[in-house]
Amino acid sequence: MAHHFANEIPTRLLMWQRVRAYAVPPSMIETATARRAVGDWAGACAAARTDVDFDLRAVADRHGTDLTARLRADLRRLAPDLLRWNMPRIAPDGRLRPGLTLTLARYGHSGDVPLSLVVRTPPTWADAGQRMSLAVWEGRGNPARGRPAHSHPHPCPEPRFRFDLHRHLWDATRSADLARRSGADRPDVTGASTALNPPGACGALDEPRLQDGPWAVGRWAAEAEALLRAEGVPPRGGRGAFTVRLGAGRRAVLELVAPDDSHAPTLRPLRTTLPSQRVGALPVLPDAAARTLPDLELLRAGLITAERLHPLVARALAAPASAGASGSEGASSPAPTGGPLCVTGDPHRVECRGEVHRIALRDGMLSAVDHDQVTLRREELLVALGGPALPCLRAIDAVHRDPEALPAVRERLRHGDVAGALAVVEGLLGPAAVLRDGPLREELVAAAARRIDHGLFRAGLVAEHPAAGTRADAAGGSGASRAASAGSRRPRLDRRTPSVIRSKRTSRFRPRTGVYR
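Numbering of residues starts from 1 in every chain and runs along the sequence as written. Under the rules for a predicted model, residues below a pLDDT of 70 receive no local features and side-chain atom pairs below 80 are neither given nor counted, while totals for whole chains, interfaces and linings still include all residues. Calculation of side-chain values draws on the structure's entire complement of heavy atoms; hydrogens and water are dropped beforehand.

1. Considering the overall build of the protein
Alright, step 1. In DSSP terms, a helix is any run of H or I states spanning at least four residues, a strand is any run of E spanning at least two, and both are numbered starting from the N terminus. When its secondary structure is counted, the protein shows 20 helices and 12 strands.
Alright, step 2. Counting all 517 residues of the protein, 46% fall into the buried class.
Alright, step 3. In this description, contact between two residues means that some pair of their heavy atoms is separated by no more than 4.5 Å. Summarising the internal contacts of the protein: among those between residues at least 6 apart in sequence, 64% fall at separations of at least 24.
Alright, step 4. Carbon and sulfur atoms make up 53% of the accessible area of the protein, which totals about 26,800 Å². Here the term buried applies to any residue with accessible area under 20% of the maximum for its type, exposed to any over 50%, and partly exposed to those in between, with areas from a 1.4 Å probe on protein chains only. To measure how exposed things are, a 1.4 Å probe is used in the Shrake-Rupley method; for residues, cover is taken only from the protein chains shown.

Here's what the structure looks like:
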């Protein structure tokens, strides 16, 4: 039965509801699935807006054919649309977490050059299109041959965000494990999204801060055991310490406890206080294991139906979610629509000169159906000379400048679905429409400018003074003008250098304190 929130729906669930409606459109899922089904993993990545930053032949020359065969097998099992569906996101817009390097799979053994298949997201200023990139990480101090021209801000994998222990989040052949790993096969006896009192949990696990987020405390023991085993530090005697990040500047240090190896370990807070250096060296429980699956939360809250989920996710959660969704027949997620004027067969009606006139798509553009062309040309000329416009023309002009479907267009552009946004605009205004000045045109122009910033980042052509960002931010500059040049430590003075920096560099008296005058 769907949960009923006493006050209001949590903000994080509203964010994930918008993400599921706009971030991974059905057209992307269909195209990527069709290409993956015929073995075209590169085409599937292209359909899911995922770039490939390595060459398999170069990997084979460097690491041998055996490891390359394992890598190629993982690429064929990779569902890039499923990976995008489960990628970490940030509030409040639900965009991909910027500047992230996330491990998908690890290869090699101890003593070999470490090799990992990773996925990266661009920095904030270059995240237009919400594109991702696949890369091969060879460890610190081992630059890969043929690496791309752009420099990623965080090239090393983040321990908190890793999918090598959760292959069901990107591997199409392992997606059936989602119900077991997410806890969907167990009843939600607490009536909330997390089980705050699992067997053997006490102390720090009962703190109020765990009730503020979607923490899956009931799965921490099993997930921590797998984490310690993967890190090469299996719990001795059923014991092992690890950390869980609970928020900005907050983390819990826990340990596994068991009488012997034949008993399932349970959790308890670490009894001894460790110095910060040792705490930082402990394994970190991945976010995918620490938090409840967002799709499971949405299903239990009645904010989404199984038909709106990714097909692989819906198939895995179909049986567990059937009971939870039985009482939520009236619940639905926001359907991305194009607005009231996107349907040609149902024209919009406006009161004009004491009559009700129709506005509909004719010849590829919005037109006042009940006015002849001579009258429309005369009225448009009158408006150009400063006269009042007909109510029909005023309604058409308002739709061109600030349509009711603008939030849907903005959400699609924010998540990189340019084709979906243009389809909404064409269904609303017609394919032959000419955009007029207003919020709609500004959104489309800004989206095009941000895509240029992403192209500059991918090509490694960003060369700006680091301090030029202050003036560019104040003037509303693009992300390219806000980025710092990675290849030059002392750039030349030019017209784009801020005046305060120019005066400091050219002054005869240059104090060593570095204080600006």
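2. Some remarks on the environment of P155
Alright, step 1. Mapped onto the secondary structure, P155 falls in the loop between β6 (132-137) and α7 (178-182).
Alright, step 2. For P155, a relative accessible area of 36% gives the class partly exposed.
Alright, step 3. Remark: the alpha-carbon pair of P155 and L102, spanning 53 residues in sequence, is separated by 9.5 Å.
Alright, step 4. Non-local contacts of P155, meaning those with residues more than four positions away in its chain, are made with T101, R120 and W137.

3. A word on the confidence of the model for the protein
Alright, step 1. One confidence number per residue, pLDDT, is output by the predictor and ranges from 0 to 100. Averaged over all residues, the pLDDT of the protein equals 77, while 72% of them reach at least 70.
Alright, step 2. Averaged pLDDT values over the elements of the protein bottom out at 43 in helix α18 (residues 468-474) and peak at 97 in helix α6 (residues 80-86).
Alright, step 3. Segment residues 510-517: pLDDT under 50, and 9 contacts once partners within four positions in sequence are set aside and those in other chains are kept.

4. Topic: unusual backbone geometry
Alright, step 1. Omega for the peptide link from A91 to P92 comes to 0 degrees, which places this bond in the cis form.
Alright, step 2. Structurally, P92 is set in the loop between β2 (89-90) and β3 (95-96).

5. What about helix α2 (residues 26-37)?
Alright, step 1. Here α2 contains 12 residues, and its C-alpha end-to-end distance of 16 Å stays within 8% of the 16 Å for a straight helix at 1.5 Å per residue.
Alright, step 2. For α2, the full list of buried residues reads M28, I29, A32 and R36. With its buried residues spanning 95 degrees around the axis, α2 presents them on a single face. Every exposed residue of α2 that faces more than 90 degrees away from the buried side is listed here: P26, E30 and A37. A helix's residues, less one, multiplied by 1.5 Å, set its expected span. Note that the arc is defined by the directions from the helix axis to the C-beta atoms.

6. Quick notes on the packing of helix α4 (residues 56-63) against helix α5 (residues 65-77)
Alright, step 1. At a closest axis distance of 7 Å, the pairing of α4 and α5 adopts a crossing angle of 145 degrees. On α5, the residues that touch L56, V59, A60 and H63 of α4 are T65, L67, T68, L71, R72 and L75. Interaxial angles span 0 to 180 degrees and are taken between N-to-C directions of axes, which are lines fitted to C-alpha atoms, for helices over the stretch in contact.

7. Remarks on helix α1 (residues 11-22)
Alright, step 1. Spanning 12 residues, α1 covers 17 Å between terminal C-alpha atoms, matching the ideal 16 Å at 1.5 Å per step.
Alright, step 2. All of the buried residues along α1 are L13, M15, W16, Q17, V19, R20, A21 and Y22.
Alright, step 3. Of the surrounding elements, those touching the buried residues of α1 are α6, β2, α11 (294-301) and α15 (406-414).

8. Some words on the sheet that holds strand β7 (residues 240-247)
Sheet strands line up and pair through hydrogen bonds in the backbone, either parallel or antiparallel.
Alright, step 1. Paired strands, in this sense, are two strands between which DSSP finds at least two bridges. With antiparallel pairing, 3 strands are arranged side by side in an open sheet as β7-β8-β9. Pairing within the sheet leaves two strands with one partner each, and these edge strands are β7 and β9 (266-269). Taking each pair of neighbouring strands and ignoring which way they run, the sheet shows an average axis angle of 40 degrees.
Alright, step 2. Inspection of the sheet shows β7 paired to strand β8 (residues 250-257) by 7 bridges, in the antiparallel sense. Residue R245 lies in a different strand from β8, and its bridge partner there is R251.

9. Examining the nonpolar core
Alright, step 1. What we call a nonpolar core is a set of buried Ala, Val, Leu, Ile, Met, Phe, Trp, Tyr and Cys residues that are connected through their side-chain atoms within 4.5 Å. In this structure, F54, L71, L83 and L104 are the most contacted members of the largest nonpolar core, which totals 56 residues.
Alright, step 2. Of all the elements, helix α12 (residues 311-324) adds the most residues to this core, at 5 residues.
Alright, step 3. Sequence-distant contacts of L104, that is, excluding residues within four places in its chain, are made with L83, L117, V118, V119, L134, F163, D164 and W170.
Alright, step 4. Counting 19 residues, the second largest nonpolar core, distinct from the first, contains I396, V399, V409 and V425.

10. Structural notes on the pairing of β7
Alright, step 1. Most of β7 sits inside the fold, with 6 of its 8 residues counted as buried.
Alright, step 2. Linking β7 back to β8 in an antiparallel pair, the connection comprises 2 residues, with G249 at a positive phi of about 75 degrees.

11. What about the pattern of salt bridges?
Alright, step 1. Criterion for a salt bridge: a side-chain nitrogen of Lys or Arg within 4 Å of a carboxyl oxygen of Asp or Glu. The tally for this structure, following the rule as stated, stands at 28 salt bridges.
Alright, step 2. A salt bridge links D171 to R77; the shortest N-O distance between them is 3.6 Å. Note that D171 is positioned in the loop between β6 and α7 and R77 in helix α5, a separation of 94 residues in sequence.
Alright, step 3. With a closest N to O distance of 3.0 Å, R181 and E223 form a salt bridge. Of this pair, R181 sits in helix α7 while E223 sits in helix α8 (residues 220-230), and the two are 42 residues apart along the sequence.
Alright, step 4. The buried category is assigned to R181, whose relative accessible area is 16%.
Alright, step 5. Residue class for E223 comes out buried when judged on its relative accessible area of 7%.
Alright, step 6. In this structure, a network of salt bridges that share partners links the residues R18, D93, E411 and R414.

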